[in-house]
Amino acid sequence: LIMDKLQDTLKELFPTKFTVFVFFGYMALFINLGLLVTASKNEDGKLSYNPVTVIFITETLKLAVSAAIYIKEGNTFSSLVASCKANTKLWGLYFGPASLYALYNILTYVNLQNYDPTTYFLLLQLRVVVTGVLFQILFKQTLSQLQWVSLFILTAGCIVKQYDFEADLGITFDHSLLLIGVQVFASCFAGVYNEYLLKGKSGNVHAMIQNIFMYSAAMVVNAAVLLYTGELATAFTPESMRGLQQWPVIALILNNAAVGIVTSLFLKYLNSVLKTFASALELMFTAILSWVFFGIAINLQTVIAIVLVSVAIYVYSLQPVRNAAPPPEAPRKGEV
């Protein structure tokens, strides 16, 4: 009886073997991301490359990979162009999440000037609850009491992991806290709205075409922001390009490109609420692997956090959010 219930729960969480691959692939790539960033730092603990350059090359690679996957599935380049032309309104919609992600990146630097890292990452854990609220609004799907309990336990686990008990947080209700709220909202709304678009709320456009829209919009928005701040000119100098000639940086670019593709598949075939659990598990596994590879000690807080996240996962598994099935995509050949 217990095994039957476990099988039913797993089938509800992961309808197909492909979704299992997407879930664990998403976690593995994000865990790898943290390890690669650490490995790419120099002896002084600083990045030895221009992150702006890495961002642009990564977005370009994601766009190219999306186009290649689309064509590999039996479509032609002309059908890709035709599909893009036929869905320009949808491309316009993707400037919404692209702009929100750009705002999130800008506020990262602003808020880290206003708060110490401990306070900053602590406040960002509100993303778990905000994601639940926005998921309810956009998908008109009310979360149960049990699902909310699991989200609050998950939030507690993430807070324990980030909290420094010796630090003076000094949180006051001022404009700085408002900016944190804006950053949290930008991150959550961009993610949930991206899921809303990917699941066919704007038509049955192929997932890879939607990826092309997302990454091209992100490139335009980021270029505009960097042009305004004067940082765009530094992205492709000979010095910046030389910084890319290291295996950890090359691996980081490839990993980030894969992250973008897998994240879109996660949002299309699973959901944003389950994604918060995957993100929490990333924190725990990253801590363990950082200890294995870099000798970074695991403290009592990490142990408590792992216990809380495990409890949250169990509570959530008792009544998981049903995955909204995306509508069938348009025909592969000659798609318009």
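Residues numbered from 1 in each chain as written. Predicted model: local features only at pLDDT ≥ 70, side-chain atom pairs only at ≥ 80, totals over all residues. Heavy atoms only, no water.

Looking at the overall build of the protein chain
Move 1: Along its length, the protein chain carries 15 helices and zero strands.
Move 2: For the protein chain, with 336 residues in total, the buried portion stands at 46%.
Move 3: By sequence separation, contacts in the protein chain at least 24 residues apart represent 86% of the contacts at least 6 residues apart.
Move 4: As presented, the protein chain carries roughly 17200 Å² of accessible surface, and 68% of it is formed by carbon and sulfur atoms. (Helix = DSSP H or I, 4+ residues; strand = E, 2+ residues; numbered from the N terminus. Buried < 20%, exposed > 50% of the residue type's maximum accessible area, 1.4 Å probe, protein only. Contact = heavy atoms within 4.5 Å. Areas by Shrake-Rupley, 256 points an atom, 1.4 Å probe, with all protein chains shown as cover.)

What to know about a nonpolar patch on the surface
Move 1: Together, Trp291, Val292, Phe293, Phe294, Ile296, Ile298, Leu300, Val303, Ile304, Val307 and Val311 line one region of the surface with nonpolar side chains, adding up to about 1000 Å² of accessible area.
Move 2: Put simply, the parts of the chain that give the nonpolar patch at least two residues each are helix 14 (272-294) and helix 15 (300-318).
Move 3: Here the element with the most residues in the nonpolar patch is helix 15; it accounts for five residues. (Patch = residues over 30% accessible without salt bridge, like charges linked within 9 Å, V, L, I, M, F, W, Y side chains within 5 Å. Salt bridge = Lys/Arg side-chain N within 4 Å of Asp/Glu carboxyl O.)

Points about the packing of aromatic side chains
Move 1: By the definition in use, this model includes 14 aromatic pairs.
Move 2: Both rings, one in Phe139 and one in Tyr196, keep their centres 6.0 Å apart while their planes meet at 65°; by these two values the pair is edge-to-face. Here Phe139 is found in helix 8 (residues 127-139), whereas its partner Tyr196 is found in helix 10 (residues 175-198), with 57 residues between them in sequence.
Move 3: Relative to Tyr193, the ring of Phe189 lies with its centre 5.6 Å away and its plane at 5°, an arrangement referred to as stacked. One end of the pair is Phe189 and the other is Tyr193, both in helix 10 and four residues apart, which spans about a single turn.
Move 4: What makes Tyr193 buried here is its relative accessible area of 16%.
Move 5: What links up through ring pairs into an aromatic cluster is the set Phe14, Phe23, Phe24, Tyr26, Phe30 and Phe266. (Phe/Tyr/Trp six-rings, centres within 6.5 Å; stacked < 30°, edge-to-face > 60°.)

Points about unusual backbone geometry
Move 1: Unusually for a residue other than glycine, Lys140 sits at a positive phi of about 50°.
Move 2: By secondary structure assignment, the location of Lys140 is in the loop between helix 8 and helix 9 (145-162).

Topic: the packing of helix 3 (residues 51-72) against helix 11 (residues 207-229)
Helix-helix packing is characterised by the crossing angle of the two axes and by the distance between the axes.
Move 1: Contact geometry for helix 3 and helix 11: axes closest at 8 Å, N-to-C directions at 160°. With respect to helix 11, the element helix 3 is oriented roughly antiparallel. Between helix 3 and helix 11 lies a crossing of left-handed hand. When helix 3 is examined against helix 11, the residues Val52, Ile55, Phe56, Glu59, Thr60, Lys62, Leu63, Ser66, Ala67, Ile69 and Tyr70 are found in contact with a partner set consisting of Met208, Ile209, Asn211, Ile212, Tyr215, Ser216, Ala218, Met219, Asn222, Ala223 and Leu226.
Move 2: Considering only residue class, the contact of helix 3 with helix 11 consists of 15 nonpolar, five polar and two charged. (Axes fitted to C-alpha atoms, helices over the stretch in contact; angles between N-to-C directions. Parallel < 35°, antiparallel > 145°, perpendicular 65-115°, else oblique. Left-handed = near helix turned anticlockwise from the far one by under 90°. Nonpolar A, V, L, I, M, F, W, Y, C, P; charged D, E, K, R; others polar.)

Observations regarding the nonpolar core
Move 1: Formed by 67 residues in total, the largest nonpolar core has its most connected members in Phe23, Tyr94, Ile209, Phe266 and Leu274.
Move 2: Here the element with the most residues in this core is helix 11; it accounts for nine residues.
Move 3: Leu33, Leu36, Tyr49 and Val249 belong to the second largest nonpolar core, which has eight residues in total. (Core = buried A, V, L, I, M, F, W, Y, C linked by side-chain atoms within 4.5 Å.)

With respect to the confidence of the model for the protein chain
Move 1: Residue-level pLDDT values for the protein chain average 81, and 86% of them are 70 or greater.
Move 2: The secondary-structure element of the protein chain with the lowest mean pLDDT is helix 7 (residues 117-124), recorded at 67, while helix 4 (residues 77-86) shows the highest, at 94.
Move 3: pLDDT under 50 marks residues 330-336. Its contacts with residues more than four places away, or in other chains, come to 20 contacts. (pLDDT = per-residue confidence, 0-100.)

Some thoughts on helix 8
Move 1: Between its first and last C-alpha atoms helix 8 spans 17 Å; for 13 residues at 1.5 Å apiece the expected length is 18 Å, and the two agree.
Move 2: Looking at helix 8, one finds that the buried residues are Val128, Val129, Thr131, Gly132, Leu134, Phe135, Leu138 and Phe139.
Move 3: Of the residues flanking the end of helix 8, it is Lys140, one or two places downstream, whose phi is positive at about 50°. (Expected span 1.5 Å × (residues − 1).)

With respect to helix 15
Move 1: When the terminal C-alpha atoms of helix 15 are compared, their 28 Å separation across 19 residues agrees well with the 27 Å that a helix rising 1.5 Å per residue should span.
Move 2: Inspection of helix 15 places Gln301, Thr302, Ala305, Val309, Ala312, Val315, Tyr316 and Ser317 among the buried residues, and these make up the whole buried set.

Considerations on the pattern of salt bridges
Move 1: Enumeration over the complete set of coordinates arrives at two salt bridges.
Move 2: Of the charged contacts in the structure, one is a salt bridge between Lys62 and Glu59, with a shortest N-O distance of 3.1 Å. With Lys62 and Glu59 both in helix 3, this residue pair falls three residues apart, about one helical turn.
Move 3: Here Glu195 ties to Lys199 by a salt bridge, and the two come within 2.7 Å at their closest N and O atoms. For the pair formed by Glu195 and Lys199, the shared burial category is buried.

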